[in-house]
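# Architecture and fold: a report
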Amino acid sequence: MGEYVLCGYFLEPGPEPLVLGIAGDGYAEEAVIRPKAAGPRAIARELLLTPEELSKGLTWAQAAGQVLSGAEDGSHILTLAVPQVIVSKLRSWAREAGRTLTFADITSACALAWPAAGSVTAASICASAGIDPGPLRGPQAQAEAVLQALPGLKRALARDAAPALLADCQARGELLEWPLAPGFAEIVAAAVEHLRSSRDPATLEEALNSPDRPRRPRRPAEGVVSGAQAVEAALGPGGSVEATMPGYESRPRQLEMAMTVAGAVDRDEILLAEAGTGIGKSLAYLIPLALHVTATGERALVSTATRTLQDQLLDHDVPLVRRALDLDLAVTVMKGRTNYI
């Protein structure tokens, strides 16, 4: 039984997996999945893929079998930036193949227990562990780098995460997926033991009710500007979103809403906006908010009416905004404990 890191590259909309890469316990593998439609050539160049490799890509089932076949039964697959819909498909494949594999999400682990860490990427994980991975071209290279940095990430998590939050995670471990991974369970237990020995009286209940350390403010990012002009450069014709998202076309109503949101945010005004289906409301408010918080160092809260929309924003829209705007955007999802079953 061991730990494996699984990374991937996904096309929007979808998400449609293009490449999956895995590394762990002396095993590394990468599988190219044949895309449903031709993707931008820039993506293929970035991943060092030839048109012939794309045309000979595997089916989804073949790719899942290729990357997971080398993982021992009983192992833990730690995914990084893999949408939940893809993880669900991998679970289904493992179940149908009679494989005993547990999937846990590194991003969710850090979002729950280490929200101050900011965005969780292969590069940021390596930086937290003091490792220079070199160029990270392709999911297999990312998985190998994260696997190498995983011990350092666990040490950083145990050192820098709020002890009371880790204690809470341990106390409610049966409600959370990620502590099932042994490494994370071990550091949670170590952090709780440190908490118990350093507090008087050292009880979990009192620790959970103790005041948290103040959060360090984020610094404004250099070279990032917010406002209507920046939003137009992203969502307008020929903008960065169009260049990033295959098949995307600029929508005048979406751009109008986004620029209105940007103006309201800049002027600290209240805005009530209504738009019909297909306008693209999510990007219309996410892009001006992302530019504003990155340019100013402030924080923004997005409250959704449903958990389904919350998952869509986290798994689909936020990664697209990060790529389109090239932002180091820290995002944390918050759900009430009653949402865990």
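Our subject in this report is the structure included herewith. (Residues numbered from 1 in each chain as written. Predicted model: local features only at pLDDT ≥ 70, side-chain atom pairs only at ≥ 80, totals over all residues. Heavy atoms only, no water.)

With that settled, the discussion passes to the overall build of the protein chain. What the protein chain contains, in helices and strands, is 15 helices and five strands. A buried classification covers 43% of the 341 residues belonging to the protein chain. Residue pairs at least 24 apart in sequence account for 70% of intrachain contacts in the protein chain once pairs closer than 6 positions are excluded. In the structure as shown, the protein chain presents an accessible area of about 18200 Å², 52% of it carried by carbon and sulfur atoms. (Helix = DSSP H or I, 4+ residues; strand = E, 2+ residues; numbered from the N terminus. Buried < 20%, exposed > 50% of the residue type's maximum accessible area, 1.4 Å probe, protein only. Contact = heavy atoms within 4.5 Å. Areas by Shrake-Rupley, 256 points an atom, 1.4 Å probe, with all protein chains shown as cover.)

Turning next to the pairing of strand β4 (residues 76-79). The side-chain alternation of β4 yields two buried faces, one formed by H76 and L78 and the other by I77 and T79. Bridge count for strand β1 (residues 3-11) against β4 is four bridges, and the pairing is parallel. Looking at the pairing, V5 lines up with L78 of β4. On the question of chirality, the crossover connecting β4 to the parallel strand β5 (residues 102-105) by way of helix α4 (residues 84-96) is right-handed. (Pairing = 2+ DSSP bridges. Right-handed = clockwise from strand over helix to strand, strands pointing away.)

Not every positive phi belongs to a glycine, and D25 is a case in point at roughly 55°. Within the fold, D25 resides in the loop between β2 (16-24) and β3 (27-32). The phi torsion at D326 lies on the positive side, around 55°, for a residue other than glycine.

If you look at the biggest cluster of nonpolar residues, it comprises 28 residues, and the most contacted ones within it are V231, L235, V241, I287, L291, V321 and L325. Elements with a minimum of two residues in this core: α11 (228-235), α13 (252-266), α14 (281-296) and α15 (307-325). At eight residues, α14 tops the list of elements feeding residues into this core. Other than its neighbours up to four places away in sequence, V231 contacts G236, L255, A258, M259, A262, I287, P288 and L291. Ranked by size, the runner-up nonpolar core spans 22 residues in total, among them I77, V82, W93 and A94. (Core = buried A, V, L, I, M, F, W, Y, C linked by side-chain atoms within 4.5 Å.)

At their nearest, the axes of helix α3 (residues 60-68) and α4 sit 10 Å apart, and the two run at 75° to each other. By the criterion of interaxial angle, the relationship of α3 to α4 is roughly perpendicular. Of the residues in α4, those touching α3 at W60, A61, A64, G65 and L68 are I86, K89, L90 and W93. (Axes fitted to C-alpha atoms, helices over the stretch in contact; angles between N-to-C directions. Parallel < 35°, antiparallel > 145°, perpendicular 65-115°, else oblique.)

For the rest of this paragraph, the subject is the state of the cysteines. Taken as a whole, this structure holds zero disulfides when the rule is applied. Cysteine C7 is unpaired, with the sulfur of C126 as its nearest cysteine sulfur at 9.7 Å. Residue classification places C7 among the buried positions, given a relative accessible area of 0%. (Disulfide = S-S within 2.5 Å.)

So, about α14. End to end, α14 covers 23 Å across 16 residues, agreeing with the expected 22 Å (1.5 Å per residue, within 8%). Following α14 by one or two positions, G297 has its phi on the positive side, about 80°. (Expected span 1.5 Å × (residues − 1).)

Now for the side chain of R99. Looking at where R99 falls in the secondary structure, it is placed in the loop between α4 and β5. By relative accessible area, which is 19% here, R99 ends up buried. Polar contacts involving the side chain of R99 include one to the main-chain carbonyl oxygen of L68, which spans 3.1 Å. Those residues in contact with R99, other than ones at most four positions away along the chain, are L68, S69, A71, E72, D73, W93 and A94. (Polar contact = N/O pair within 3.5 Å; in protein donor to acceptor, adjacent residues only side chain to side chain.)

What follows concerns α4. The end-to-end C-alpha distance of α4 is 18 Å, a good match for the 18 Å that 13 residues give at a rise of 1.5 Å each. Within α4, the full set of buried residues consists of I86, V87, L90, W93 and A94. For α4, the buried positions fall inside an angular range of 120° around the axis, keeping them on one side. Across from the buried face of α4, at angles greater than 90 degrees, the exposed residues are R95 and E96. In the stretch just after α4, G98 is the one whose phi turns positive, near 75°. (Arc of directions from axis to C-beta.)

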